[in-house]
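Given next are the chains, with one letter for each unit.
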Amino acid sequence: MSNPQLLYYKMGEKVTAFSSTRYGGCSEGNYSSFNVNRYCGDHEECIARNMQSLKNLLNVSQVVMPHQVHGTEVFQLKHPAPWEDMADDLEGVDALITDVKGVCIGVSTADCIPVLLYDEAHHAAAAIHAGWCGTVKRIAEETVRSMRDAFGTQPELLRAVIGPGISLASFEVGDEVYDQFRIVGFPIDRIARRYPILPPFGGTEGGFKWHLDLPLCNRLQLEAVGVRQIEMSGICTYLQSDEYFSARKLGVNSGRILTGIVLR
């Protein structure tokens, strides 16, 4: 087993920000090879070995990951503690914020959109899990407000990264999902497109389905609350499932990407 192969982001001199790839671990099958998510069916011994490799690479003693539920709950990590002691606090959480140094906070995704925020002025950070449910509920906006309340963060000074996730071309949705975004006021002309369904799924005459641009939806949220420095990874997990986990491509019983940030 080699070291995890990470995609790094340049967010500041005193911060390490990254998304994991599928490479550099010991997991097998659809979890191959680097998975540290304990809620997707992988073997616990593989998860533990992969996690230790990640800690060694990052030079941290702890990686804090919530049990996400596609909601808008934000949890502030105020001090490091063993994961077992925080399990109840991390249940049902989809975003983490902290100003604690030397601890990695992160979220798991496999087509959903991971977002990282860094406040250099207050040396504080956030990791956000934004699936379509969290996106339509505006979890990115909620997290920026939580950072403002907790640390005095000024949104215009934040640096943001929108990591690997499913793209507009690959994210086909039903009318009920499309309607939810329309009803809550997302600019449909910018975030949605109708694409033809190719046979056999569209029948002999084909048909059309709505597609949504989740990365853009989250960018628009950040811009709406004043964030200006936003980096887009441009990586589609569905189209690049050989490098990044995709639940739509591999099934739900597959690995997850970890997108995390460490304050130094």
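Predicted model only: the values in this text are computed from it and were never measured.

Draft legend 1. Spatial organisation of the nonpolar core. If you look at the biggest cluster of nonpolar residues, it comprises 37 residues, and the most contacted ones within it are L117, M147, F181, I191, L212 and L222. Put simply, the parts of the chain that give this core at least two residues each are β5 (95-98), β7 (113-119), β8 (124-130), α4 (139-151), β9 (159-162), α5 (175-183), α6 (188-191) and α7 (214-224). V64, L77, A125 and L263 belong to the second-largest nonpolar core, a separate cluster that totals 23 residues.

Draft legend 2. Representation of the pairing of strand β4 (residues 74-77) within the structure. Relative to β5, β4 is paired through four bridges, and the arrangement is parallel. Paired with L77 across the bridge in β5 is T98. Handedness of the β4-helix α2 (residues 83-90)-β5 crossover: right-handed.

Draft legend 3. Structural detail: the layout of surface pockets. When its volume is computed, the largest pocket comes out at roughly 520 Å³. Along the walls of the largest pocket sit 22 residues, with H70, C112, H129, A247 and R256 positioned nearest its centre. For the lining of the largest pocket, the secondary structure elements donating two or more residues are β6 (104-109) and α8 (247-250). Here the residues of the lining of the largest pocket are counted per class, giving eleven nonpolar, eight polar and three charged. Here the second largest pocket is characterised by a volume of approximately 260 Å³. Considering the residues around the second largest pocket, the lining is formed by 17 residues, among which R38, M51, K55, V63 and W83 are closest to the centre. Contributions of two or more residues to the lining of the second largest pocket are made by α1 (44-58) and α2. A per-element tally of the lining of the second largest pocket places α1 first, with five residues.

Draft legend 4. Just the packing of α4 against α7, in detail. Look at α4 against α7: their axes get within 8 Å of each other, and the N-to-C directions meet at 35 degrees. When the axes of α4 and α7 are compared, the crossing they make is right-handed. Here I139, A140, E141 and V144 of α4 lie close against α7, whose contacting residues are N218, Q221, L222 and A224. Residues of the contact of α4 with α7, tallied by class, amount to five nonpolar, two polar and one charged.

Draft legend 5. Structural context of the packing of aromatic side chains. Throughout the structure, instances matching the rule amount to three aromatic pairs. Between the aromatic rings of W132 and F181, the centroid separation amounts to 6.4 Å while the plane-to-plane angle is 45 degrees, which identifies the pairing as tilted. With W132 in helix α3 (residues 132-136) and F181 in helix α5, this pair connects stretches of sequence that are 49 residues apart. By relative accessible area, W132 is classed as partly exposed at 25%. Considering the side-chain rings of F181 and F186, the 5.2 Å spacing of their centres and the 55 degrees angle between planes classify their relative orientation as tilted.

Rules behind the numbers
Residues numbered from 1 in each chain as written. Predicted model: local features only at pLDDT ≥ 70, side-chain atom pairs only at ≥ 80, totals over all residues. Heavy atoms only, no water. Core = buried A, V, L, I, M, F, W, Y, C linked by side-chain atoms within 4.5 Å. Buried < 20%, exposed > 50% of the residue type's maximum accessible area, 1.4 Å probe, protein only. Helix = DSSP H or I, 4+ residues; strand = E, 2+ residues; numbered from the N terminus. Pairing = 2+ DSSP bridges. Right-handed = clockwise from strand over helix to strand, strands pointing away. 1 Å grid on protein atoms, 1.4 Å probe; cavity = no way out; pocket = protein on both sides within 12 Å on 5 of 7 lines; lining within 4 Å. Points joined across faces, edges and corners; volume = space filled by probe spheres on them. Nonpolar A, V, L, I, M, F, W, Y, C, P; charged D, E, K, R; others polar. Axes fitted to C-alpha atoms, helices over the stretch in contact; angles between N-to-C directions. Left-handed = near helix turned anticlockwise from the far one by under 90°. Contact = heavy atoms within 4.5 Å. Phe/Tyr/Trp six-rings, centres within 6.5 Å; stacked < 30°, edge-to-face > 60°.

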